[in-house]
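Chain and residue survey
Listed below, chain by chain, are the residues.
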Amino acid sequence: MRDKKKGNGILICGAALSICLCVLAGSVILHLSETFIRSGIADMAGAVGIAAPERFGDVMHLYKSGDGLEGVGEEILGQYGYGRGVYSFAPAWFVAAAYAIPFGMLQIMLFSFGLYWRHKTKEAEKRTAALSGYLDRIMEGQYDTLMQHDTGSELEDSIYKAVVLLREEREQAQGAKKNLADNMADLSHQLKTPAASIGLTLSLLKKKAWDERDKDDSKNVILEDIGRMEGQVSRLQQLVGSMLTLSRLDAGVLELEEKEFDLEEMLVDAVQPFVRQMEEKGVCFGIQGADGISLSGDFGWCSEAFGNIIKNCVEHTPEGGDISIVCRDNPIYTEIVIQDSGRGFDGADLPRLFERFYRGAGSSKDSAGIGLALAKSIIEKENGTVTAENTETGGAGFYIKFYHCH
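Residues numbered from 1 in each chain as written. Predicted model: local features only at pLDDT ≥ 70, side-chain atom pairs only at ≥ 80, totals over all residues. Heavy atoms only, no water.

Let's talk about the overall build of the protein chain
Looking only at helices and strands, one finds ten helices and seven strands in the protein chain. Taking all 406 residues of the protein chain together, the buried fraction comes to 26%. Restricting to contacts in the protein chain with at least 6 residues of sequence separation, those with at least 24 account for 69%. Of the roughly 26500 Å² of accessible surface on the protein chain, 57% is carried by carbon and sulfur atoms. (Helix = DSSP H or I, 4+ residues; strand = E, 2+ residues; numbered from the N terminus. Buried < 20%, exposed > 50% of the residue type's maximum accessible area, 1.4 Å probe, protein only. Contact = heavy atoms within 4.5 Å. Areas by Shrake-Rupley, 256 points an atom, 1.4 Å probe, with all protein chains shown as cover.)

Listed below in C-alpha cells is the structure:
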C-alpha cells in the first residue's frame, strides 16, 4: 500500500509541476509579447512624430481606425528591407525562451513519467518475486498466510483463496491416507491372527498325519494337501504384509531410518532368501563393484526392495542361467544394475511393470503383482529411482540409482 501511494505521489507531483510550468510559461510569453508589441508601436510612433510632427494627429487617427492598414504596412516595410524572412522585431533570447520553456516542460513531464514507470516496474517485480516465493513455499507444503496488508490485488486474493482450498484438500487427503493406513494395519493384524492360527493347525495336522502315515496310505495324500495349504497360507501372509507396507508408504507414516550402511552387506542380505532356490536351478550369481561403497538410508527396507527385484530375476532365469549385480559409484549417485539371462520383458509389459497388481505375460501363477511396485515405492522413498529394460543379450535389466544429495 505504501509503495502504491509513493508511485501515485510521483505521478501527481510531476503532473502538478508540469501544469504550473505551463501556466508560468504562458504568462511570461504573454507579458513579453505585450511588452515587445507595445515597444514596437512606441518606436514607430516616435519615428513618425519626429519625421512629420504636423501629420502625427492624422496618422494616429488613421491607426486607430485600423481599416486595411496591415497589407499596406507589410508592403511599405518590405520596400525598406523589413520583410518577414529577413528581419524579426523580437530579440533572439525571446525566441529562444519561447522554444526552451515548452521543451523544458516536456522534459519534466517525460522525466516524471519515467520515474513513475520505473517505480511501478520495481513494485511489480517485488510483487512477482513475493508471489513466486510464496508459490515455492506452497510446493514445499508451507501454507503460510499470503497477505499481511490488504493491497486490493485480485490476483493475490485469488491465489490466497486457492491456497486455502488446497490446504484444506491436502489436510483432508492426508487424513484420508492416515485413516486408510490405520484401517489397513488393523485389517492386516486381524488377518494375521487367523492365518497364523491356520498355519499352526496345519502344522499339527501335518505332524499327526506324518506319525500315522505307515498305518494308512491315505495319510500321504493328506500330507500333500496340507503342504499345499501351508504354501497358500504363507503366500497370504506375505501378501498382507506387502499391502500393509504399501498403504503405510502411501500415507507417509512408514518410518525409515537415515543411517549409513555397507552396500555389499545389504545386497548379500537381500539375496539370502533365494540362495537355495538358485542352487536348485543351478543359477550362477555374482556381485561386482560393491566393495567399499556406503549408502545412507534404511538397511532393512532397502534389503526388502532389492529382495523383491532379485526374486523377480530368479523366477524368470532358466536353469543354468546367471544373475549379476554390478555397482558403480560417482559423486552424484550410486548405480546398481541387476541383470538376468532370462527371456526379458514383453514390450507391452515395460510401461506398466511397476504398477500395483499388474501381472505381465511371464508372471508366475502365484504372483500378485505387488513386489516390483513395493520395491519402486521404497527406493523412491530413499531418494532413488528404478527403471527396467531389456539388455543387449535379451535378458531383463533393472537400473537403480541412489542420489547422494537429498
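A short note on the side chain of asparagine 312
Along the polypeptide, asparagine 312 turns up in helix H9 (residues 299-316). Taking relative accessible area as the criterion, asparagine 312 reaches 16% and is therefore assigned buried. Beyond its immediate sequence surroundings of up to four residues, asparagine 312 is in contact with Leu372 and Phe398.

A few points about the nonpolar core
By size, the foremost hydrophobic cluster in this structure holds 40 residues, and its most contacted members are Leu263, Phe306, Ile309, Ile338, Phe398 and Ile400. With eight residues, the single largest contributor to this core is H9. (Core = buried A, V, L, I, M, F, W, Y, C linked by side-chain atoms within 4.5 Å.)

Some remarks on helix H7 (residues 263-271)
Listed in full, the buried residues belonging to H7 are Leu263, Met266, Leu267, Ala270 and Val271. One side of H7 holds all its buried residues, which, seen down the axis, span an arc of 130 degrees. Measuring from the backbone nitrogen of glutamate 264 back to the side-chain oxygen at the start of H7 gives 3.2 Å, which picks out aspartate 262 as the cap. (Arc of directions from axis to C-beta. Polar contact = N/O pair within 3.5 Å; in protein donor to acceptor, adjacent residues only side chain to side chain.)

Examining the pattern of salt bridges
Under the counting rule described, the total for this entry stands at five salt bridges. The salt bridge involving glutamate 335 is made with arginine 328; its shortest N-O contact spans 3.4 Å. We note a salt bridge from glutamate 355 to arginine 352, for which the minimum N-O separation is 3.0 Å. (Salt bridge = Lys/Arg side-chain N within 4 Å of Asp/Glu carboxyl O.)

Side note on the side chain of serine 303
With respect to the helices and strands, serine 303 occurs in helix H9. Accessibility expressed as a relative area gives 7% for serine 303, which makes it buried. Aside from chain neighbours lying at most four places away, what touches serine 303 is Met266, Asp269 and Ala270.

Focus: the packing of aromatic side chains
Inspection of every chain in the model, using the stated rule, returns five aromatic pairs. With 5.6 Å between their ring centres and 90 degrees between their planes, phenylalanine 261 and phenylalanine 299 make a pair best called edge-to-face. One end of the pair, phenylalanine 261, is in strand E1 (residues 259-262); the other, phenylalanine 299, is in helix H9, with 38 residues separating them in the sequence. The buried category is assigned to phenylalanine 261, whose relative accessible area is 8%. Aromatic side chains phenylalanine 345 and phenylalanine 398 sit 5.6 Å apart centroid to centroid with 90 degrees between the ring planes, which places their arrangement in the edge-to-face category. (Phe/Tyr/Trp six-rings, centres within 6.5 Å; stacked < 30°, edge-to-face > 60°.)

Considerations on the environment of lysine 281
Positionally, lysine 281 belongs in helix H8 (residues 275-281). Along the sequence, lysine 281 and glutamate 319 sit 38 residues apart, while their C-alpha atoms lie 4.7 Å from each other.

Brief notes about unusual backbone geometry
The phi angle at asparagine 383 is positive, at roughly 65 degrees, despite the residue not being glycine. With respect to the helices, strands and loops of the structure, asparagine 383 is situated in the loop between helix H10 (371-381) and strand E6 (384-390). Asparagine 383 gets classed as partly exposed once you look at its relative accessible area, which sits at 24%.

Examining the sheet that holds strand E7 (residues 396-403)
Hydrogen bonding along the main chain pairs the strands of a sheet, whether they run parallel or antiparallel. The five strands lie next to each other as E2-E4-E5-E7-E6, forming an open sheet whose pairing is mixed. Edge positions in the sheet fall to strand E2 (284-288) and E6, since each of these pairs with one other strand and no more. The sheet shows a mean angle of 10 degrees between the axes of neighbouring strands, direction not considered. In the packing of H10 onto the sheet, the strands contacted are E6 and E7, and the crossing angle to E6 comes to about 140 degrees. (Pairing = 2+ DSSP bridges. Axes fitted to C-alpha atoms, helices over the stretch in contact; angles between N-to-C directions.)

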